[in-house]
Amino acid sequence: MAPDGVFAGDFPEAIRLFVSLHHQLYPVIPPRDIYFESLVENAFRRIKKPFTPIESGGRNQPRHDLEVEGHKLSIKTETGYGTKPATITITKLCTTEREPWTATTLVERVMEHLDRYDLIVMLRAIWKRPLIHYQLLEIPVSLLKKITAAEFHEVGRRRGRQSLGADVKEGGEKLFHVHFDASDGKCSIRGLQVKHCAMLLEWDFDTRSQ
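Residues numbered from 1 in each chain as written. Predicted model: local features only at pLDDT ≥ 70, side-chain atom pairs only at ≥ 80, totals over all residues. Heavy atoms only, no water.

Okay, the pattern of salt bridges next. As enumerated under the stated definition, the model contains 10 salt bridges in all. Where aspartate 115 meets lysine 145, a salt bridge forms, and the shortest distance between an N and an O atom there is 2.7 Å. Remark: lysine 145 occurs in the loop between α4 (141-144) and β7 (153-155) and aspartate 115 occurs in the loop between α3 (103-114) and β5 (119-128); sequence separation between them is 30 residues. On the basis of relative accessibility, which here comes to 52%, the residue aspartate 115 falls in the exposed class. (Salt bridge = Lys/Arg side-chain N within 4 Å of Asp/Glu carboxyl O. Helix = DSSP H or I, 4+ residues; strand = E, 2+ residues; numbered from the N terminus. Buried < 20%, exposed > 50% of the residue type's maximum accessible area, 1.4 Å probe, protein only.)

If you trace the 6 strands from one edge of the open sheet to the other, you get β1-β2-β3-β5-β6-β11, paired in mixed fashion. With partners counted over all chains shown, the strands left at the sheet margins are β1 (54-56) and β11 (198-206), one partner each. Adjacent strand axes in the sheet meet at a mean angle of 20° when their direction is disregarded. Helix α1 (residues 11-25) rests against β5, β6 (131-139) and β11 of the sheet, and its axis sits at about 30° to β11. Where helix α2 (residues 33-47) meets the sheet, it contacts β1, β2 (66-68), β3 (71-78), β5 and β6, and its direction lies at approximately 135° from that of β3. (Pairing = 2+ DSSP bridges. Axes fitted to C-alpha atoms, helices over the stretch in contact; angles between N-to-C directions. Contact = heavy atoms within 4.5 Å.)

Below you can see the structure in the form of structure tokens.
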């Protein structure tokens, strides 16, 4: 899968540069969350022509994280010690707290959330001490929208409202697992295969170099 035009060109190398700068301050801590969002914005401002439309989406708001040349971006990270090379976890795709607590209502909420984005970019850190193997990739929004074909079932033993889960499949292949947590109303994605995403760049960072 080829990267989108917004992520092509100098963008991946600009991210690698800014990650290296981040490590000058935090030698063994990968950038994550709002820190990575800031790196992405700075990377675009570095490589784009002056006056290119680049606008932050604001913090803690139900909207995109960054808009670049009219493209609305969601910016994600996965940097924990359990990060796997071949499968992705999105611990919080969105918050789906809404009644009635039914699969139909929750899937509609996820689709409303995904419709706010054109592109999703993620930085992943796979720990190979003393190395950190980084993956910078684009997750297709269209891939996550396949959630509409999933068949959900109650999972867990929680009293009262039950969590819901489903495998999202296509042609007999499991693409990922989606989980609606009844305790906090969050939707998470598990086991999303890296091979179905667009790899923008992979590189190793040696934590001993700082």
